[in-house]
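A structural walkthrough
What follows is the residue order along each chain.
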Amino acid sequence: MRGGHGPRGAGGPDAGDGSSDRGAGGAEGVNGGCGCNGSCSSAERPDANGTSRRSFLKVLGTSGAGAAAVAACGPPDFADKLIPLLVEEEGITPGVSETYATVLPNAGPEPAPVHAQVRDGRVLGLSPNGRFASGLSSLSHSALQDLYDPDRVSTPLRRNASGEAGAPPFEEVGWEEATSALTDAVRVGNAALLTGRVTGTTGAFISEWSRVMGVEHIAYEPFSNDALVTGMADAGGGPGAPRFDLSGADKIVCFGADFLGTWLAPTELAAGFAAARDVDAGRHAKFTFVGPRMSLTGANADEWIEARAGSEGVVALAVAGIVASARGVPLPAGAPAVSPESAAESAGIEAGAIRALGEELASAGAPVAIPPGLESQGAGARAAHAAVAALNELLGAGGRAVFPGAGAPEGTTATFADMLALIERMNGGQVRTLIVAGSNPAYALPAAAGFAGAMANVAHTIAIGPHLDETAAACEWVLPCHHALESWGDAELAGGAMALGQPLMHPVFDTRQREDLLLAVANAAGQGDAFGAADYATALKNSWSSRLGGEEAWLDALRLGGATAETWRASGGGGPSGGTGGGSGGLAGGGSLADAGSLMQDASADTTRLVVYPTAHLYDGRGANRSWMQEHPDAITKAVWNSWVEMHPDMAATLGVENGDLVEVSSDHGAVEVPVFVYRGIRSDTVAIPLGQGHTAYGRSAEGIGANPLDLLAPEADPGSGALAYAGTTVTVSATGERGRLTITQGSTDDHDREIVHMLHVDEALHDAAAHEVDLVEMVEAAWDSDPNSPYRWGMAIDLNACTGCGACVTSCYSENNIPTVGADGAAMRREMSWMRIHRFEEETEEGGFQTVQQPMLCQHCGDAPCEPVCPVYATYHNSEGLNVQVYNRCVGTRYCANNCPYKVRRFNWFTYDFPYPLNLQLNPDITVREVGVMEKCTMCVHRINKAKIDAKDEGRLLRDGEVVTACQSSCPSNAITFGNLKDPQSEVSRKAKGARGYHVLGEIGVRPAITYLEDVSHRHPVAGHGDAAAGHGEEAAAGGHGGGAGD
Amino acid sequence: MLRSSRVAVISVVAALVTAAVALHRYSTGSGDDVEVAAAALDVSSFFHAPTVAQEADDQTAEEDAGGEALSYGGVTDPDEMLPQWRAIYDHERASRGPEQPIPFNHRFHVSDLGIDCMYCHTGTERSVSGIVPSLEVCMGCHRVAGTGLPPIEELRAMDARGEVVEWEWVYKLPEFVQFSHQAHVRNLECQECHGPVEEMDRVYQWASLTMGWCLDCHRQPPSESDIATDHTLARDAPPPQPPGERQPEGFYPRGINTDYGRTRAPVDCVACHY
């Protein structure tokens, strides 16, 4: 009966608890009903009669030994009978995972080429396709959860015309009726087809369909790079988005873009960023971040110049002026001269900082500048991008680090300004049919733009999409379409490569491929001949085969997941969208550069500026109905399941608010109430609110959570580029006197001198790398139960210098290990189940300010583990290969182990968490689904180790280095995680763990962890007592070697 | 013989497992079912049923000696039994093999026709699962063979309708056990775990599938052929220590002695439980 006391009475004394019922997001009730999305347990469900104890017994009843916890919400019980295949397919064996290559074209800022593990007809896991991608972001990975989203539309819907009170808004209809409705609506004329980003054959197909059917095709992405593309073109860069290669840079300056999280191509840029700062290879490019707030990207910077949002372009021009005079060259043609003083005044910073930055850039050998991002995209964004392009030209980065036109194509046809025009035409009755297929404008456009209202003036509205999101919910018809993992498709990648997507499983619901629906409309109208194929799969195959030269090449491309840039280019023109080859020409030119001088801001105005920014997990809101993303702590605030407003401690003091207090942020266009997060990494005249929350539809995890800051924005576009002006709104912030519920999963950003994270100055790291006093690997092996018979001692090295804190590893871990999400209420009670988390610590520096250090934290698999001796039933013990093992079927749930763990990495199942159908289809059959009363934690992917050992045994050999890759390691874009055998001195993990930067977290307590962290490297000096190399390496060697540090 | 003493214990354990599964079935409804589940939770009642467990043992040993007339908690009609008795009844039935939708006869196919196991169960050598052949494999012969026999005609009708046979489980492991056929079929005969399938008209669960039964084999010293393929096995290591003679290391036995490299197969918990 453990845990049997009232489910709401057991919360900790943390701030998140006290006022949970007044949550700003109105989170109460979201998880009601049976479809809990893994976010609440049966026993926690609201029960009108207060019979939670009875339902608790019910939970126990369902969770007998061996009864799968997955069977709770009434899915078909597949395990009841032994059902073989009807016909055996070559290459498919029940119980064996096969890997297929495919692509997620719209997973996030960049298309995600992936390898998918498919077993018994279900896609179980994703990993990056190494041929085309360096990593797999959290958001892209969560597309897997989207595939099995219980809230997906399962059958065609028509708006319920009965008008009765209490009638459901939609009624289910057959596909025949739905397709004929689509056909009729297109036939009416004056139709518009609204999609998201479409490239490759898919883009060509949709354009062709629109042309043949006389439908206007509008492709719109809320976070498109229109300002970047037009600005670069002004600077002579040619059409298309650029590609940035940071790997060779020795000085990086970013003028605001969140390029490690949400901008352009985050995984590719993160890989390049890590390469440019690879201290083991003898280099470490200094990174300066210019912007109003330290984003995920800014937190990785060695230096932060806190310029106002929108002033980055002026700063770039001033910096360019200094570089030009230092190098004795003229400014690029058309670039206005801006003095550091006037730029500094406009940006609200010190002129000295601009001078220093300019001089650093001028003296650097291979510097590169990265342009502003969405956060600072206001009126004048195009000119700001042109200014940064001009700076890059001056720095000689064109063709070295910046490749105009070589990025992944935008795949959009409309800017925000075009959307405003569309809304106007909708209101004027000039659009009679609106088909929305892969876009959610009713949510993603500022409320003041009035898209939702304009939809009422369109005679026929049809949504083709997997979700009942805000736009679909306002449509007359909803035609559910396949998820990317169930579809054929392709996407153009950066550098001219093409990724090919194939369906990997039978559709979960009664859905259709989007393009096939369009094709059916064309066929009904007698226009089907134009496409030369009966279905889209054939059309795609024909297009690829004819381009690559035959069936064999097509099959090769399917196997590899696409065609590399060389193959694609060599196969000649006539492709879907023609050559996208990387230009490497100069960036010089004029264009709108002259306008850049007009970016000067009125610095005297005493106003509060609003920054709205996308987060790496929710992005433009598409991640909001995935509980993995909602429960993934934000990279900076570590908050979950809510929105917040970041403000400087000074402003918080003025308002008299602290973390979690509810404030009202209002502009001329609206107001939102959000809890406060006090953050030193934001300007004191700026507040920042993340985008992606505040859904009114979309599903159980999204609805009613947080607030949508788009409500505050004016529906105004940058006149130069047509892009939505996300920046430039001034707001009023006032305290409401109430507490909101802001669940922050990390207690403190200060490690209280416990040296949990180590920081090293770059000079020490590069030149004074002292050898270890103690060999960390030997030390781990000397643990008293180390087994000399075992050829393996599994260990891990985590490079804090490479880690950017993006959290890709965390999502991989959720996906691989059947980790449940606990929901907003559960998280507020500190019951999150993540086996892996990212710490964010703020280290004070001698130069002033703080340096953020991100640190993945997971079970350390200690050689002398404190959790082991306290277990009364040997449920946790040390095995001969060095793993700290948790045996679920032995565990009786005393929780002594978690109490004794110095790293807080053990998680307890307070309930049997549900995986409502079809989320249970994603469960990894190699991993036990844990039940109430069981402790769990990181296993170092022991199932992967065991599988690899069985394979190696079949071949009569030992495991090779690199043969076992943990889930977290596989998706890391910057290669920060290395797993392997510490007993093999040649293994990569041994080499890294023996390196000069290695240290053990809390090494002084002598638990001999198997995870060696490599110190973070910064261009700033940590204040005395921190990051001292000698102290860092003392560890267990000298008694009290760390004692002094701890007492400081 | 050696096994019989253990099987009594095993039967109780297995009955518990089966009972828990049965509870799951009884409790998925609402209202009154909750009460049933609550009543059934009194697991102590299982331990007051030694006679039935003993009977189960005898029945298993005697192999297919009937048993439908046995009373369980004084009731013979399965539909009227209390859940905990019903669970034991179900387990008993299962121990002599469930009735299958098609009365497939292993004795005939293996002994009389001489078909190799892996002819039909192809793929088992590389899968965690023991592969149940697809209907297409059956029809490979039965398009021609056995025409006119009622079960074969039924099979052919299913093939014509594109249906698969939904077999009853015979061997079913709890969810917290990760078993891989791939790891076992290399060095073992199928019969070592599945029993004399070639003599079974209807396949039944021959082995107890308890952890002790698994470990009996895993704890053996490695053979020469084991050492030849598994490089984690120590060639010159002392033989494994018999259970009961192990000495705890240090003041507390924090490392469970897994006899690494000295046993034929891992006896480490995490070899199967994760």
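1. Focus: the overall build of chain A
Of the regular secondary structure elements, chain A holds 32 helices and 39 strands. Here chain A, with 1048 residues, has 63% of them falling under the buried criterion.

2. Some thoughts on the overall build of chain B
In terms of regular secondary structure, chain B is built from 13 helices and zero strands. Secondary structure elements of chain B occur, N-terminal to C-terminal, as α-α-α-α-α-α-α-α-α-α-α-α-α. Within the span of chain B, comprising 274 residues, buried residues form 27% of the whole. In chain B, the proportion of contacts linking residues at least 24 apart, taken out of those at least 6 apart, comes to 66%.

3. A closer look at helix α28 (residues 942–954) of chain A
Given 3.6 residues per helical turn, the α-helix brings residues three or four places apart onto the same face. Between its first and last C-alpha, α28(A) extends 18 Å over 13 residues, near the 18 Å set by a 1.5 Å rise per residue. If you follow the buried residues of α28(A), they end up packed against β29 (794–799) of chain A together with α13 (224–229) of chain B. Phi turns positive, to about 65°, at Gly956(A), one or two residues after α28(A).

4. Some details on the environment of His231(B)
As for its placement among the helices and strands, His231(B) is situated in the segment after α13. By the C-beta count within 10 Å, which is 16 here, His231(B) ends up partly exposed. Setting aside residues up to four positions removed in sequence, His231(B) forms contacts with Arg957(A) and Leu958(A).

5. Examining the sheet that holds strand β6 (residues 191–195) of chain A
Residues and elements named next belong to chain A. Read from one edge of the open sheet, seven strands run β5-β4-β16-β15-β14-β6-β7, paired in mixed fashion. Sheet topology places β5 (170–172) and β7 (216–219) at the edges, where each strand pairs with a single neighbour. Geometrically, the sheet is characterised by an average inter-axis angle of 20° between neighbouring strands, direction not taken into account. Sheet analysis places β6 next to β7, joined by four bridges and oriented parallel. Paired with leucine 193 across the two strands is histidine 217, which belongs to β7.

6. Some remarks on the environment of Met779(A)
Residues and elements named next belong to chain A. Among the secondary structure elements, methionine 779 is positioned in helix α24 (residues 776–781). Note on methionine 779: 21 C-beta atoms within 10 Å, which makes it buried. Spatially, the C-alpha atoms of methionine 779 and proline 292 are 45 Å apart, while their sequence positions differ by 487 residues.

7. Thoughts on helix α13 (residues 416–427) of chain A
Residue and element names in this part refer to chain A. In this model α13 runs 17 Å from its N-terminal to its C-terminal C-alpha over 12 residues, within 8% of the 16 Å that 1.5 Å per residue would give. Buried within α13 are the following residues: Phe416, Met419, Leu420, Leu422, Ile423 and Met426. Angular distribution of buried residues about the axis of α13 spans 160°; they occupy a single face of the element. Where α13 is buried, its residues contact β6, β7, α14 (441–444) and α15 (451–455). Two residues or fewer after α13 comes glycine 429, characterised by a positive phi angle close to 75°.

8. Here we look at the nonpolar core
Ranked by size, the top nonpolar core spans 322 residues in total, and within it Val315(A), Val319(A) and Val645(A) carry the most contacts. Residue contributions to this core peak at 11 residues, all from helix α12 (residues 381–395) of chain A.

9. A word on the packing of helix α7 (residues 226–234) of chain A against α12(A)
All names here are of chain A. Contact geometry for α7 and α12: axes closest at 7 Å, N-to-C directions at 50°. Considering their axes alone, α7 and α12 lie oblique with respect to each other. Judged by the twist between their axes, the crossing of α7 over α12 is right-handed. Together, Ala227, Leu228, Thr230, Gly231, Met232 and Asp234 of α7 and Ala381, Arg382, Ala383, Ala384, His385, Ala386 and Ala389 of α12 make up the contact between the two elements. Tallied by class, residues from the contact of α7 with α12 come to eight nonpolar, three polar and two charged.

10. Focus: the sheet that holds strand β10 (residues 286–290) of chain A
All names here are of chain A. Spatial strand order, β11-β10-β9-β12: four strands in an open sheet with parallel pairing. Because the sheet does not close on itself, it has two edges, and the strands there are β11 (303–305) and β12 (367–370). If you compare each strand with its neighbour and ignore which way they point, the axes differ by 15° on average. Of the strand pairs in this sheet, β10 and β11 are connected by three bridges, and their pairing is parallel. Note on β11: the bridge partner recorded for valine 290 is isoleucine 305.

11. Brief notes about the confidence of the model for chain B
Residue and element names in this part refer to chain B. Per-residue confidence for chain B averages 70 on the pLDDT scale, and 61% of its residues sit at or above 70. When pLDDT is averaged over each element of chain B, helix α7 (residues 117–120) comes out on top at 94 and helix α3 (residues 44–47) at the bottom at 32. Counted against residues more than four places away or in other chains, residues 1–68, with its pLDDT under 50, gives 93 contacts. Low pLDDT, under 50, characterises residues 248–254; the stretch is placed with 10 contacts to residues that sit more than four places away or in other chains. Listed scores for the predicted complex are pTM 0.85 and ipTM 0.83.

12. Focus: the pairing of strand β9 (residues 251–254) of chain A
Here is the key point about a regular strand: its side chains alternate between the two faces of the sheet. Residues and elements named next belong to chain A. Neither face of β9 is exposed, since Lys251 and Val253 on one face and Ile252 and Cys254 on the opposite face are all buried. In this structure, β9 lies alongside β10, joined through four bridges in parallel fashion. In the sheet register, valine 253 faces β10, and the bridge partner there is threonine 288. Bridge analysis of β9 against β12 gives four bridges, and the strand direction is parallel. The residue bridging lysine 251 from the neighbouring strand is proline 367, located in β12.

13. Examining the confidence of the model for chain A
Residues and elements named next belong to chain A. When pLDDT is averaged along chain A, the result is 86, and 86% of the positions lie at 70 or above. Note on residues 574–590: pLDDT is under 50 here. Beyond four places in sequence and across chains, it has 57 contacts. Scored below 50 in pLDDT, residues 1026–1048 shows 47 contacts in the model against residues more than four places distant or in partner chains.

14. Brief notes about unusual backbone geometry
Residues and elements named next belong to chain A. Across the junction of tyrosine 917 and proline 918, the peptide omega takes the value 5°, indicating a cis bond. Within the element layout of this structure, proline 918 appears in the loop between β34 (907–908) and β35 (935–936). The phi angle at methionine 940 is positive, at roughly 55°, despite the residue not being glycine. By the secondary structure assignment, methionine 940 is in the loop between β35 and α28.

15. Things to note about the packing of helix α5 (residues 175–188) of chain A against helix α17 (residues 514–524) of chain A
Residue and element names in this part refer to chain A. Orientation of α5 relative to α17, taken along the N-to-C sense of each, is 65°, at an axis distance of 9 Å. Crossing geometry of α5 relative to α17 is assigned as right-handed. Taken together, the residues of α17 that come into contact with α5 (itself represented by Thr179, Leu182, Thr183 and Val186) are Leu517, Ala520, Val521 and Ala524. Taken together, the residues of the contact of α5 with α17 sort by class into six nonpolar, two polar and no charged.

16. Overview of the pairing of strand β14 (residues 433–437) of chain A
Residue and element names in this part refer to chain A. Within β14, five of the five residues are buried, leaving the element largely enclosed by the surrounding structure. Side-chain alternation along β14 places Thr433, Ile435 and Ala437 on one buried face and Leu434 and Val436 on a second face that is also buried. As paired elements, β6 and β14 share five bridges and run parallel to each other. Pairing of alanine 191 across the sheet is with threonine 433, part of β14. Pairing geometry for β14 and strand β15 (residues 460–464), over four bridges, is parallel. Residue pairing in the sheet places isoleucine 435 in a bridge with isoleucine 462 of β15.

The rules we used
- Here, residues in each chain are numbered from 1, in the same order as that chain's written sequence.
- Whichever chain is written first becomes A and whichever ligand is written first becomes 1, with later ones labelled in order.
- In view of the model being predicted, local features appear only for residues whose pLDDT reaches at least 70, and side-chain atom pairs are presented and counted only at 80 or more, with totals across whole chains, interfaces and linings using the full set of residues.
- Counting from the N terminus, the helices are DSSP H or I runs at least four residues long and the strands are E runs at least two residues long.
- Our exposure labels follow a C-beta count within 10 Å of each residue's own C-beta, placed from the backbone: buried means 20 or more other C-beta atoms, exposed means 12 or fewer, and partly exposed covers the counts in between.
- Residues are treated as contacting if the C-beta atoms built from their backbones sit within 7 Å of each other.
- Between the first and last residue of a helix there are one fewer steps than residues, each counted as 1.5 Å, and that sum is the expected span.
- By this definition, two strands are paired if DSSP reports at least two bridges between them.
- All axes here are fitted lines through C-alpha atoms, helices being fitted over the stretch that makes contact, and every angle between N-to-C directions spans 0 to 180 degrees.
- This arc is built from the directions going out from the helix axis to the C-beta atoms.
- Each nonpolar core reported here comprises buried Ala, Val, Leu, Ile, Met, Phe, Trp, Tyr and Cys residues connected via C-beta atoms within 7 Å.
- Reported orientations rely on four angle classes, namely roughly parallel under 35 degrees, roughly antiparallel over 145, roughly perpendicular from 65 to 115, and oblique for the rest.
- Crossings are sorted by hand: turned counterclockwise from the far helix by less than a right angle, the near helix makes the crossing left-handed, and turned clockwise it makes it right-handed.
- For this classification, the nonpolar set comprises Ala, Val, Leu, Ile, Met, Phe, Trp, Tyr, Cys and Pro, the charged set comprises Asp, Glu, Lys and Arg, and every other residue, Gly included, is treated as polar.
- pLDDT expresses how confident the predictor is about each individual residue, on a scale running from 0 to 100.

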